[in-house]
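Remarks on the overall topology
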Amino acid sequence: MTDTRLPIPAKIQNKTFKDTFDKYSWDEVLTGILSKTKEDVKKALHTSKRDFEDFKALISPAAKPFLEEMASLSYQITKKRFGNTIQMYAPMYLSNECQNICTYCGFSMTNKIPRRTLTDAEILKEVDFIKSKGYDHILLVTGEANKTVGVDYINNAIKLIRSRFSNITIEVQPLDKPDYELLMESGLYAVLVYQETYHKDEYKKHHPKGKKSNFNYRLETPDRLGQAGIYKIGLGALFGLEDWRADSFFTALHLKYLQKTYWKTKYSISFPRLRPHSGGLEPKVEMTDSDLVQLICAFRLFDEDVELSMSTRESEVFRENIVQLGITSISAESKTNPGGYVVEPQSLEQFEISDERPTEEVVEMLKGKGLEVVWKDWEDFHG
Ligand code: SF4
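Basis of the calculations
- Residues numbered from 1 in each chain as written.
- Predicted model: local features only at pLDDT ≥ 70, side-chain atom pairs only at ≥ 80, totals over all residues.
- Heavy atoms only, no water.
- Buried < 20%, exposed > 50% of the residue type's maximum accessible area, 1.4 Å probe, protein only.
- Helix = DSSP H or I, 4+ residues; strand = E, 2+ residues; numbered from the N terminus.
- Pairing = 2+ DSSP bridges.
- Right-handed = clockwise from strand over helix to strand, strands pointing away.
- Core = buried A, V, L, I, M, F, W, Y, C linked by side-chain atoms within 4.5 Å.
- Contact = heavy atoms within 4.5 Å.
- Polar contact = N/O pair within 3.5 Å; in protein donor to acceptor, adjacent residues only side chain to side chain.
- Phe/Tyr/Trp six-rings, centres within 6.5 Å; stacked < 30°, edge-to-face > 60°.
- Lys NZ or Arg CZ within 6 Å of the ring centre and 35° of its normal.

Of the two faces of strand E7 (residues 307-310), the one lined by Glu307 and Ser309 and the one lined by Leu308 and Met310 are each fully buried. Sheet topology note: the strand E6 (residues 266-270)/E7 ladder contains three bridges and is parallel. Along E7, the bridge assignment pairs Ile269 with Leu308. Both E7 and strand E8 (residues 329-331) contribute to a ladder of two bridges, which runs parallel. The partner of Ser309 across the bridge, within E8, is Ser329. Between E7 and its parallel partner E8, the chain crosses via helix H15 (residues 316-322), and the hand of that crossover is right-handed.

Laid out in structure tokens, this is it:
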């Protein structure tokens, strides 16, 4: 089998983001953001090269009156950098078994729900449906249960479907570097690993039990991925657990550290907001639609190249309004339960999706806005 990994210089093997992260205080970061003024925002809008202080200004309350200007700039930058294209992907949930307790998730270990892990035959049935809709980029999702959906199960799933998709991304438990190397040899393209919140104490409250309770192991996962030479890493925080502005600053800090350290790898940012689920948790800090628009535009102004992704957690109306303001990839018709497309549509979802329109309808909406729909991830992967 060909080794497709990117070469990583030996000198960076021992460094991780934790060294950078530990130099920052959550409270100081938040105070810094909240103290930004209109003058800071104007400077951030009109400079050609934006730094962290500019990013803080763009996500601050002082930037609210400038939202229209931010949206206009974000639109222009996205059009210039990505053309009028938008990439489509489909999530496929393989299992809802999980050994973690996460306060915000329907699959949490103590939730009394029927547990299910797809067999090979069931995976292929789901794949047939997803392919029939045109998708060529798939996101495989599992809970964190080593015995049932550990590395061997994920590796088998990737091998099983690799001939059917140009791009296979996973969102599963954080793994060690050799595990990622193995999965890449089998055809893995990208990994999404969200920190949920960069607030250490709040993180502990929301992840009291299981492997996920180890904050640092999760924080250093993108480093292990970068060291393994993965093609793309997806970052994000779950908005609602803590202050979205501070969490976004730390996401941006994480992104810049990774880009500098693993410069051959590509990056994407997602913007999940807490959604209702079984045993539902109310957001501690609300993030309004206007806040989310502000954040997406701020990320686009801060980094012209990073891919920005939007899932079906958000409503039809919101998605229609945001697709031209910086977003570069989008899912549609998603099911967040294992077998949800055809095998067992009635099983319990991880969270409720909001935009339930069929893929065809979403594609029509995108085309109506002048966007060209791209089904596989960006061409240079294969180039
Ligand atoms: S968020 Fe992930 S790890 Fe946590 S309970 Fe849900 S599936 Fe398990």
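Now, onward.
Okay, the nonpolar core next. Judged by nonpolar contacts, the single largest core of 102 residues is most densely connected at Leu140, Phe271 and Leu366. Sequence-distant contacts of Leu366, defined by excluding residues within four places in its chain, comprise Ile86, Met88, Val323, Ile330, Leu371 and Val373. If you look at the next biggest cluster of nonpolar residues, it comprises 14 residues, including Cys102, Cys105, Phe107 and Val141.

Turning to the environment of Asp289, a few remarks are in order. Position of Asp289 relative to the elements: it lies in helix H14 (residues 289-302). Separated by 29 residues in the primary sequence, Asp289 and Phe318 place their C-alpha atoms 7.5 Å from one another. The residues contacting Asp289, other than those within four sequence positions of it, are Arg273 and Phe318. Within the structure, the side chain of Asp289 is placed 2.7 Å from the side chain of Arg273, a separation counted as a polar contact.

Next up on the list: the packing of aromatic side chains. Across all of its chains, the model carries 20 aromatic pairs by this definition. For the pair Phe21 and Tyr198, a centre-to-centre distance of 6.3 Å together with 45 degrees between the ring planes defines the contact as tilted. Here Tyr198 lies in the loop between strand E4 (190-192) and helix H10 (200-206) and Phe21 lies in helix H1 (residues 17-21), a separation of 177 residues in the sequence. You'll find Phe21 and Tyr198 in the same group, each marked buried. Seen in terms of ring centroids, Phe271 and Phe299 are 5.9 Å apart; in terms of plane orientation they differ by 65 degrees. Their pairing is edge-to-face. You can see Phe271 sitting in the loop between E6 and H14 and its partner Phe299 sitting in helix H14, a full 28 residues away along the chain. Neither Phe271 nor Phe299 differs from the other in exposure class; each is buried. Sitting over the face of the ring of Phe249, Lys56 holds its NZ or CZ atom 5.1 Å from the ring centroid. In this structure, Arg81 is placed above the aromatic ring of Phe82, and the distance from its NZ or CZ to the ring centre is 4.6 Å.

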